[in-house]
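Results of the structural survey
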Amino acid sequence: MKYYLRMGIELPGPSLTKLVIKTEYSDKISINWDSIESFSTTQPVLLTFKNKEEITGVTEVSPDNTFMVKQEGVYQSEPIPLAEITEINKKFFSGQVNAGGALFAGNTQRQSYNLNTDIVVRGRDDRVSFGGQFNYANSKSRDVSGNKETVLNARNFQLYGDYAHFFSDKWYGYAHGLFTNDRLQDIKLRSAFGIGAGYQIFATGDLNLAVEAGPDYVNVDFYDYPYQCERSLAADPAACTRIKDRSDVAGRWSVNYDQWIWKRAMQLFHTHEGLASSDLFVRTRTGFRVPLWYGFQFVNEIQVDYFSKPAPGKEKFDTRYLFNIGYGF
């Protein structure tokens with residue numbers, strides 16, 4: 001079957017397996033790339049080839065699974081095999097912002113908020129990723145004297161930044177930083193910095209999977225004293241013992257996965273990062289995204305943080321169930 005394409009072309013992802021066409025008269029149309037014999041455009045498109053060369057121009061049909069590119073309306077290339085293209089209209093800047101919350105009034109007085117974002121900036125051989133999240137929740141109740149008091153249920157944040165340089169289509173080196181805070185875990189600031197190597201197992205518009213590993217330096221700065229420890233002094237005179245900070249060299253690993261299913265009706269995702277030294281810290285995000293309308297999306301995810309040696313009296317696991325509305329771009 002031969003397709004002659006004369007409409008807007010969009011292709012997310014660093015490897016060409018499908019051509020996604022946006023039109024003014026219908027929803028997006030997805031065509032398998034190996035079903036296309038040639039294509040033409042009325043507007044210039046950015047083409048990326050296997051040798052990482054990039055050309056911007058208007059494409060024209062030519063026979064035998066090839067096409068030609070006309071640059072600046074004058075210079076026309078020789079026929080180019082379709083198999084040489086790795087990407088059309090590469091997205092240099094992409095990301096998402098998601099938010100959710102709940103508010104209760106009356107006999108139950110509680111509020112909770114969540115905000116998270118992820119941004120990716122891509123170059124020819126480089127990629128910069130950064131983002132973070134913030135969670136807050138409190139509730140109001142009456143103490144033994146009948147007075148209303150506000151109880152903090154959650155207040156934490158995570159920030160990260162990564163730089164990757166690709167030495168080949170699969171292998172890359174990276175440098176990264178991670179910052180976390182959790183008042184109820186008595187962690188004032190956990191900071192981690194490191195370098196390492198990564199391998200991009202899959203990189204297509206529908207499936208991405210990468211693994212990373214390398215050394216890190218980790219410092220955990222605790223709040224001086226446990227949260228509201230004074231309330232426990234009567235029963236435990238040592239409740240307000242000062243918490244000692246920790247620092248160590250750690251081994252780091254991470255897994256980053258996302259995949260579109262059901263004809264791009266839903267995207268599954270899982271991110272996993274671990275830091276192993278004299279203690280172990282692991283953070284994960286697992287869930288799915290459902291496109292709603294013009295970039296807006298519904299996001300359902302489970303976040304699990306594990307810290308093998310928490311501050312005295314604290315749990316090792318923290319789990320969050322989030323239902324958010326967001327915008328992807």
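Definitions and cut-offs
- Residues numbered from 1 in each chain as written.
- Predicted model: local features only at pLDDT ≥ 70, side-chain atom pairs only at ≥ 80, totals over all residues.
- Heavy atoms only, no water.
- Helix = DSSP H or I, 4+ residues; strand = E, 2+ residues; numbered from the N terminus.
- Rg over C-alpha atoms; globule rule 2.2 N^0.38 Å.
- Contact = heavy atoms within 4.5 Å.
- Areas by Shrake-Rupley, 256 points an atom, 1.4 Å probe, with all protein chains shown as cover.
- Salt bridge = Lys/Arg side-chain N within 4 Å of Asp/Glu carboxyl O.
- Buried < 20%, exposed > 50% of the residue type's maximum accessible area, 1.4 Å probe, protein only.
- Pairing = 2+ DSSP bridges.
- Core = buried A, V, L, I, M, F, W, Y, C linked by side-chain atoms within 4.5 Å.
- Axes fitted to C-alpha atoms, helices over the stretch in contact; angles between N-to-C directions.
- Disulfide = S-S within 2.5 Å.

Turning next to the overall build of the protein. Assigned secondary structure in the protein consists of zero helices and 21 strands. Here the C-alpha atoms of the protein give a radius of gyration of 25 Å, more than 25% beyond the 20 Å that 2.2 N^0.38 yields for 329 residues. A principal-axis box enclosing the C-alpha atoms of the protein has dimensions of 85 × 50 × 30 Å. Sequence separation of at least 24 residues holds for 49% of the intrachain contacts in the protein that already meet a minimum separation of 6. Summed over its atoms, the accessible surface of the protein is roughly 18,000 Å², and 58% of this surface lies on carbon and sulfur atoms.

With that settled, the discussion passes to the pattern of salt bridges. If you walk through the whole model with that rule in mind, you get 17 salt bridges. Salt-bridge contacts for R231 lead to E149; the nearest nitrogen and oxygen are separated by 3.1 Å. Taken together, the residues span a long stretch of sequence, with R231 in the loop between β16 (207-222) and β17 (246-261) and E149 in strand β13 (residues 148-166) at a distance of 82 residues. According to the relative accessible area criterion, R231 is exposed, its value standing at 54%.

All right, on to the pairing of strand β10 (residues 93-104) then. Direction of pairing for β10 relative to strand β11 (residues 109-122): antiparallel, over a ladder of twelve bridges. Bridge pairing links Q96 to D118 in β11. A loop of four residues connects β10 with β11, the two strands running antiparallel in sequence, and G106 in this loop sits at a positive phi of about 100 degrees. Here β10 pairs with strand β21 (residues 317-328) via four bridges, running antiparallel. Counterpart to A99 in the pairing with β21 is I325.

The next thing to look at is the nonpolar core. Membership of the largest hydrophobic core comes to 16 residues, with the highest contact counts inside it found for W33, F39, L47, F49, F67, I85 and I88. In terms of residue count, strand β4 (residues 45-49) provides more of this core than any other element does, three residues in total. With twelve residues, the next largest nonpolar core counts V218, F222, F281 and F307 among its residues.

What follows is about the sheet that holds strand β15 (residues 187-203). The sheet built from twelve strands closes into a barrel, its strands ordered β10-β11-β12-β13-β14-β15-β16-β17-β18-β19-β20-β21 with antiparallel pairing. Neighbour-to-neighbour, the strand axes of the sheet open up by a mean angle of 20 degrees, direction not taken into account. Pairing between β17 and strand β18 (residues 266-276): eleven bridges, direction antiparallel. Across the sheet, residue R252 finds its bridge partner in β18, namely L275.

This part takes up the state of the cysteines. The bond known as a disulfide is covalent and runs between the sulfur atoms of two cysteines. Overall, the coordinates contain one disulfide when judged by the stated rule. A disulfide bridge connects C229 with C240, and the sulfur atoms are separated by 2.0 Å. Torsion about the S-S bond of the C229 and C240 cystine: about 105 degrees, corresponding to right-handed handedness. Taken as a pair, C229 in the loop between β16 and β17 and C240 in the loop between β16 and β17 lie far apart in primary sequence, eleven residues in all.

So, about the pairing of β4. Most of β4 is tucked away, with five of its five residues classed as buried. Of the strand pairs in this sheet, β4 and strand β5 (residues 54-62) are connected by four bridges, and their pairing is antiparallel. In the strand pairing of β5, V45 is matched with G57. Sheet topology places β4 next to strand β9 (residues 85-88); three bridges connect them, and they run antiparallel.

Another point: the environment of G326. In this structure, G326 sits in strand β21. Classification of G326 as buried rests on a relative accessible area of 5%.

Geometric descriptors of this kind do not, in isolation, establish any biological role.
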